[in-house]
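Residues per chain are reported as follows:
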Amino acid sequence: MFGHTNAAMATTCGYVLQRLLAAHRVGNRKWTSTSSHGRFTWKAAVRHACQSDVSGSSALSFRSHTCGQLRREHVGEKVTLCGWVQYLRQDLFVILRDFSGLTQVLIPQEESARHVREALRHLTVESVIKVTGTVKERPSGQENKVCETYGTRALSRLERLLSRRDVSTWKEMPTGRIEVLAQDVDVYNICRTLPFEIKDFVKKSESLRMQFRYLDLRSSRLQKNLRLRSQLVMKMREYLCYVHGFVDVETPTLFKRTPGGAKEFVVPSRDPGLFYSLPQSPQQFKQLLMVAGVDRYFQVARCYRDEGSKADRQPEFTQVDIEMSFVDQAGITSLVEGLLQYSWPAETTPITLPFQTMTYQEAMRDYGVDKPDTRFGMKLMDIRDVFVSADAAFLKSGSSVLAIRVPDGATLFTAKDLEGLNQAAKTHFHQEVSVVLVRADGTLKSPVKKLLSGGISDALLKKTGAEPGDLLLIAAGAPAVVRPLLGHLRLRCADLLESHGSSVRDPSAFHFLWVVDFPLFVPKRDEPGRLESAHHPFTAPVPEDAPLLYTQPLKVRGQHYDLVLNGCEIGGGSIRIHKASEQLHVLKNILQEDPTVLSHLLEALDSGAPPHGGIALGLDRLVSIMVGAVSIRDVIAFPKSFRGHDLMGRAPDYVSEEELKPYHVSVRWPAGTRGGQDESGDI
């Protein structure tokens, strides 16, 4: 409460200071910082303004109220509203919209108010106006309702299309019991014809939304998402700063290449052959801050990765970056759990502490992925012992035989669905999967039926718990292939079940999970003889595994921890290596990286570095799960397209040869192009 009050007071004082500064600039009286009288007057004015009642969404504004604020208790009051025209209805009324909601404005019919009537009648949708008028209670039976999906009931054409059974979906419109009789109007801007309507029920292509993002952001859904995100960040700042004494420190955006990890964006400099890189995280800087004695650091940090955009990934993204000195893994996880509970929006399903914890080995054994969605079952089962008596070629030494049971899969899945599962196994894993259907009479239908004799069939049903109507997916082979395969199919089956109307994952539930004890190193995919960090090269080993760093590094577990929410990784961190000799060994001898690239960090670790650790929470992904967004683009004001382009500002853009000269860079155009255009002239 103390932090919230201080934050609100600081915001209010900021507004007031702006007004006082403006008045100071245009006033006749000269105030100087050297005048004791001036200092006293200035302080008194600021103190008085900050203590006065000038806070709220309408403070320091043309309006007296927002469009979603008026209620029956305001009846009889004279109010001023500002906003966009959402609807025009038969020259009788206008629906005015702002970020907070909708208000119905009555167009006066009296001859004495002709100028107001004419101004309102000739408006276009999305024009910007200011209306002054009196709040009236709507006549009985004319109260308005709103549906979150389809918009205002009384005004939408969809009302005539919706059947009576849809009535239960309508909710009370907050301002639906009042209306404002217009007495004066100021027209600020007449809107042109727009490429799409600003209504949530109107479907727009993704590219059109990105191209006209400033229009797309007017939708109530995106407005709500951005405000929830803002409130979440403010609460996080309160918790970290006021409850736990963290310091908000900004770190550089222009840096140098970091060994390992994702591809980084390169920025040319004016020094020939020298380039900056945009950091994929402030990892090195936050460790250096711990060496500097800052003790507790955080930052809402912009990060960059030169990767293609996906539904849950952007080339530039935001993370809540945290680092602490003199802390262990339990301290970091407790901090994050408290942070999320403190900042969690009241309007969403509450979360409970502590979060579930699972080792990496357990996650891969039971779910086939290292970020399992624990909202539903369908765990992987080891059924190798069922087939021991069978003469099966797949029972090779060291091979695994695993299965998942899909409840009602045999009943609900179509032949096309089953073919899609087989195709996914072949395409992504180059592996076959056996489909076993349990008929209504308990018998089995499968292409591998010859292996399913009476005794094996009974043992299989008993082992898996399969019942009539269920589906079994069975795969055999190396555990490193079979587990991820069935983990992937498990999620696809959940999607298929839900597409057929089955309830599998509760969309309102939030299942947090800590995954710990990851391997510290894994073989490189393209160079199996070399190792790479499972996460990054600065992670410390589990203390009892530390001696194995010098003998069997593949057996070393790292002090790394991932935070998973509903099957999505929303955070990752670790306890760091704080000794220069150990960090040098990891870089030079295990990863075979050039340690001179990190000489500054090695020197810092050799200059009295405390034990330290931290975590980074993906803010975009976290908020998208909170609001149930399909893509993180729906919680970012100006996101990039699927290809990583800004379709609105048309970035990236071309730079002339003349502009590139100071950076000693020239462009080598690919064959078949002329200055960025292909031979057909299309960009």
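The following paragraphs examine the structure supplied in this document.

**A few points about the sheet that holds strand S18 (residues 444-445)**
1) Next: Read from one edge to the other, the open sheet built from five strands follows the order S15-S16-S19-S17-S18, with strand pairing classed as antiparallel. The open sheet has two free edges, formed respectively by strand S15 (381-382) and S18, since each of these has just one partner strand.
2) Next: With two bridges joining them, strand S17 (residues 434-438) and S18 adopt antiparallel strand pairing. Along S18, the bridge assignment pairs Leu 437 with Lys 445.
3) Next: The sheet contacts of helix H13 (residues 479-499) involve strand S16 (400-406) and strand S19 (471-477), and relative to S16 the element is tilted by about 10°.

**Digging into empty space enclosed by the protein**
To find leftover empty space, a probe the size of one water molecule is rolled over the atoms.
1) Next: Tallied over the full model, the rule gives three cavities of 30 Å³ or more.
2) Next: Quantified by volume, the largest cavity comes out at close to 40 Å³.
3) Next: Surrounding the largest cavity, Met 210, Arg 213, Phe 638, Pro 639, Asp 646, Leu 647 and Met 648 form its lining.
4) Next: When its residues are assigned to classes, the lining of the largest cavity shows five nonpolar, no polar and two charged.

**Comments concerning helix H3 (residues 114-121)**
1) Next: Taken as a whole, H3 has its buried residues at Val 116, Arg 117 and Leu 120. The arc enclosing the buried residues of H3, seen along the axis, measures out at 100°, which places them on a common side.
2) Next: Close packing links the buried residues of H3 with strand S1 (78-89), strand S2 (93-98), strand S4 (128-137) and strand S8 (178-189).

**Some words on the packing of aromatic side chains**
1) Next: Taken as a whole and judged by the stated rule, the model has ten aromatic pairs.
2) Next: Each ring, one from Phe 62 and one from Tyr 188, has its centre 6.1 Å from the other, and the planes form 35°; the classification is tilted. Of this pair, Phe 62 sits in the loop between helix H2 (36-51) and S1 while Tyr 188 sits in strand S8, and the two are 126 residues apart along the sequence.
3) Next: The exposure class assigned to Phe 62 is exposed, which follows from its relative accessible area of 61%.
4) Next: The class for Tyr 188 is partly exposed, based on a relative accessible area of 40%.
5) Next: Arranged with centres 6.3 Å apart and planes meeting at 75°, the rings of Phe 212 and Tyr 214 form a pair that is edge-to-face.
6) Next: Under the relative-accessibility criterion, Tyr 214 is labelled partly exposed at 40%.
7) Next: Among the aromatic residues, those joined into a ring-pair cluster are Trp 344, Phe 355, Phe 510 and Phe 512.
8) Next: In this structure, Arg 270 packs its charged tip against the face of Tyr 663, placed 5.3 Å from the ring centre.
9) Next: Positioned above the aromatic ring of Phe 376 is the side chain of Arg 490, whose terminal nitrogen or guanidinium carbon lies 3.8 Å from the ring centre.

Each value, and the rule that gives it
- Residues numbered from 1 in each chain as written.
- Predicted model: local features only at pLDDT ≥ 70, side-chain atom pairs only at ≥ 80, totals over all residues.
- Heavy atoms only, no water.
- Pairing = 2+ DSSP bridges.
- Helix = DSSP H or I, 4+ residues; strand = E, 2+ residues; numbered from the N terminus.
- Contact = heavy atoms within 4.5 Å.
- Axes fitted to C-alpha atoms, helices over the stretch in contact; angles between N-to-C directions.
- 1 Å grid on protein atoms, 1.4 Å probe; cavity = no way out; pocket = protein on both sides within 12 Å on 5 of 7 lines; lining within 4 Å.
- Points joined across faces, edges and corners; volume = space filled by probe spheres on them.
- Nonpolar A, V, L, I, M, F, W, Y, C, P; charged D, E, K, R; others polar.
- Buried < 20%, exposed > 50% of the residue type's maximum accessible area, 1.4 Å probe, protein only.
- Arc of directions from axis to C-beta.
- Phe/Tyr/Trp six-rings, centres within 6.5 Å; stacked < 30°, edge-to-face > 60°.
- Lys NZ or Arg CZ within 6 Å of the ring centre and 35° of its normal.

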